[in-house]
Amino acid sequence: MFDHFGLFVSTIANGLLLTVEATVGGILVASVLSFLAGLAMLSRFAWLRAITRIYVEVWRGTSEVVQLFWIYFALPVLTGFQILPLWSGILVLGLNFGAYGAEIVRGAVQSVPREQREGCIALNFTPAQRMRRVILPQALVDMVPPFTNLFIQLLKGTALLTFITVPEMTYQASQVLVTRFTGQAALIWTIVLVFYLVLSILITSGMKVLERRAAARVGRAPARRRAVLSGAGT
């Protein structure tokens with residue numbers, strides 16, 4: 001069963017870089033869109049809230065696979081411009097998960113206590129200063145845990161790029177290895193699972209560091225420590 005183990009690992013690893021590139025690219029696009037759309041949904045301009053809501057509902061309410069096919073196959077027909085497979089995948093992942101992330105940002109900003117906003121007004125802060133100096137730093141602490149889950153989901157979503165022939169890890173397993181070693185499919189897919197698990201752990205570890213730093217910046221203890229302290233005080 002393990003006769004070709006080394007070959008399996010090296011072949012799947014050939015797609016690791018593309019999986020990482022798609023994940024990092026998707027995270028960057030999704031993060032930017034999450035903050036832009038999340039804050040836009042809190043705008044005092046009704047037209048801006050409406051446009052943002054349409055974006056969020058369309059990308060959350062339609063199939064990710066169909067979105068990928070539309071960007072890669074349909075959009076070039078309409079525009080005459082063909083997007084490279086990897087960039088198509090990054091764009092779809094960013095737009096899709098950015099729509100989910102927008103709700104995270106909106107909810108976290110709204111969860112900041114009203115007293116904080118009133119204090120900013122008393123200090124004569126401009127709306128931009130209130131958001132940059134007081135509201136966002138506090139909201140960021142509450143955003144990190146749900147964004148961790150979102151980014152892990154995005155990582156797993158990179159497997160869909162197989163459909164547009166991006167040779168990432170899932171493609172290497174399904175199109176290169178399983179077709180040749182059908183009887184060892186269980187071992188091949190187990191190796192793929194381990195690769196995804198390791199990447200998920202790395203994302204989780206990085207986000208935990210970010211959460212601790214964000215909490216320290218606003219003088220708050222990390223979530224686990226706060227839970228322990230509150231339990232000790234009861």
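Residues numbered from 1 in each chain as written. Predicted model: local features only at pLDDT ≥ 70, side-chain atom pairs only at ≥ 80, totals over all residues. Heavy atoms only, no water.

Going by an unreviewed UniProt entry, the chain carries the name Ectoine/hydroxyectoine ABC transporter permease subunit EhuC and comes from Amycolatopsis echigonensis. Among the UniProt annotations of the chain, the heading Subcellular location (unreviewed entry) holds the following wording: "Cell membrane". Under the UniProt heading Sequence similarities (unreviewed entry), the entry covering the chain gives this text: "Belongs to the binding-protein-dependent transport system permease family." (UniProt positions renumbered as here; feature names shortened; annotations may be inferred.)

Engineer: Mind showing me how you'd approach the overall build of the chain here?
Structural biologist: Along its length, the chain carries ten helices and zero strands. Along the chain, from the amino end to the carboxyl end, the secondary structure elements read α-α-α-α-α-α-α-α-α-α. The principal-axis extents of the C-alpha atoms in the chain amount to approximately 70 × 55 × 25 Å. The buried share among the 234 residues of the chain stands at 41%. Put simply, 75% of the contacts in the chain that link residues at least 6 apart link residues at least 24 apart. Within the structure as shown, the chain displays about 12900 Å² of accessible surface, and the carbon and sulfur contribution to it stands at 67%. Treating the 20 positive side-chain charges of the chain as one cloud and the 10 negative ones as another, the clouds have centres 10 Å apart. (Helix = DSSP H or I, 4+ residues; strand = E, 2+ residues; numbered from the N terminus. Buried < 20%, exposed > 50% of the residue type's maximum accessible area, 1.4 Å probe, protein only. Contact = heavy atoms within 4.5 Å. Areas by Shrake-Rupley, 256 points an atom, 1.4 Å probe, with all protein chains shown as cover. Lys, Arg positive; Asp, Glu negative; His and termini not counted. Charge placed at Lys NZ, Arg CZ, Asp CG, Glu CD.)

Engineer: Sorry if this is basic, but what is going on with the packing of helix α2 (residues 16-40) against helix α7 (residues 127-157) here?
Structural biologist: A pair of packed helices is captured by two measures, namely the crossing angle of their axes and the spacing between those axes. Where α2 meets α7, the closest approach of the two axes is 11 Å, and the angle between their N-to-C directions is 140°. With respect to their mutual orientation, α2 and α7 come out oblique. Crossing of α2 against α7: the hand is right-handed. Between α2, through Thr19, Ala22, Thr23, Gly26, Ile27, Ala30, Ser31, Ser34, Phe35 and Leu39, and α7, the contact on the second element is made entirely by Met131, Leu136, Leu140, Met143, Phe147, Phe151, Leu154 and Leu155. A per-class count over the contact of α2 with α7 returns 13 nonpolar, five polar and no charged. (Axes fitted to C-alpha atoms, helices over the stretch in contact; angles between N-to-C directions. Parallel < 35°, antiparallel > 145°, perpendicular 65-115°, else oblique. Left-handed = near helix turned anticlockwise from the far one by under 90°. Nonpolar A, V, L, I, M, F, W, Y, C, P; charged D, E, K, R; others polar.)

Engineer: Explain empty space enclosed by the protein here, please?
Structural biologist: Gaps between atoms show up when a probe of the same size as a water molecule is rolled over them. Here the structure, examined in full by the defined rule, presents one cavity of 30 Å³ or more. Here the largest cavity defines a volume of roughly 40 Å³. Listing elements by their share of the lining of the largest cavity, those giving two or more residues are α4 (64-79) and α5 (85-111). No other element matches α5, which puts three residues into the lining of the largest cavity. (1 Å grid on protein atoms, 1.4 Å probe; cavity = no way out; pocket = protein on both sides within 12 Å on 5 of 7 lines; lining within 4 Å. Points joined across faces, edges and corners; volume = space filled by probe spheres on them.)

Engineer: Could you clarify how one ought to interpret the environment of Pro146 in this entry?
Structural biologist: Assignment of secondary structure puts Pro146 in helix α7. A relative accessible area of 29% means that Pro146 is categorised as partly exposed. Considered as a pair, Pro146 and Met131 are 15 residues apart in the sequence and their alpha carbons are 20 Å apart.

Engineer: Please clarify how the UniProt feature "domain: ABC transmembrane type-1" (unreviewed entry) in the chain should be interpreted in this entry.
Structural biologist: The UniProt entry lists residues 16-203 under the feature "domain: ABC transmembrane type-1" (unreviewed entry), expressed in the numbering used here. Structurally, residues 16-203 comprises 81% helix and 0% strand, and the distance from its first C-alpha atom to its last is 15 Å.

Engineer: Would you mind going over the packing of helix α1 (residues 5-13) against helix α8 (residues 169-177) with me for this structure?
Structural biologist: Closest axis-to-axis distance for the α1/α8 pair is 8 Å, and the angle between their directions is 130°. Judged on the interaxial angle alone, α8 and α1 are oblique. Contacts between α1 and α8 pair Phe8, Thr11 and Ile12 from the former with Met169, Gln172, Val176 and Leu177 from the latter.

Engineer: Could you clarify how one ought to interpret the nonpolar core in this entry?
Structural biologist: Across soluble globular proteins, you tend to see nonpolar side chains buried next to one another. Counting 48 residues, the largest nonpolar core has Phe8, Ile12, Met143, Phe147 and Ile188 as the members making the most contacts within it. When contributions to this core are tallied by element, the ones reaching two or more residues are α1, α2, α4, α5, α7, α8 and α9 (185-217). Not counting residues within four places of it along the chain, the set of residues in contact with Ile188 comprises Phe8, Ile12, Ala173, Leu177, Val178 and Phe181. (Core = buried A, V, L, I, M, F, W, Y, C linked by side-chain atoms within 4.5 Å.)

Engineer: Help me out: how do you make sense of the UniProt feature "transmembrane region" (unreviewed entry) in the chain in this one?
Structural biologist: Those places that UniProt annotates as "transmembrane region" (unreviewed entry) correspond, in this numbering, to residues 24-47, 68-87 and 186-210. Between the C-alpha atoms that bound residues 24-47 there is a distance of 32 Å. The span itself is 79% helix and 0% strand. Taken end to end, residues 68-87 comprises 75% helix and 0% strand; its first and last C-alpha atoms sit 11 Å apart.

Engineer: Hey, could you run me through unusual backbone geometry in this one?
Structural biologist: With the exception of glycine, the majority of residues adopt a negative phi angle, and the majority of peptide bonds are in the trans configuration. Notably, Thr165 is not glycine yet its phi reads approximately 60°, a positive angle. The topology assignment puts Thr165 in the loop between α7 and α8. Residue Thr165 is classed as partly exposed on the basis of its relative accessible area, which comes to 49%.

Engineer: I keep staring at the environment of Arg53 and nothing clicks. Help me out?
Structural biologist: Note on placement: Arg53 falls in helix α3 (residues 46-61). Linking Arg53 and Glu103, residues 50 residues apart in sequence, is a C-alpha distance of 10.0 Å. Apart from the residues lying within four places of it in its own chain, the contact partners of Arg53 are Met41, Arg60, Glu103 and Arg106. A polar contact is formed between the side chain of Arg53 and the side chain of Glu57, at a distance of 2.9 Å. A polar contact is formed between the side chain of Arg53 and the side chain of Glu103, at a distance of 2.7 Å. (Polar contact = N/O pair within 3.5 Å; in protein donor to acceptor, adjacent residues only side chain to side chain.)

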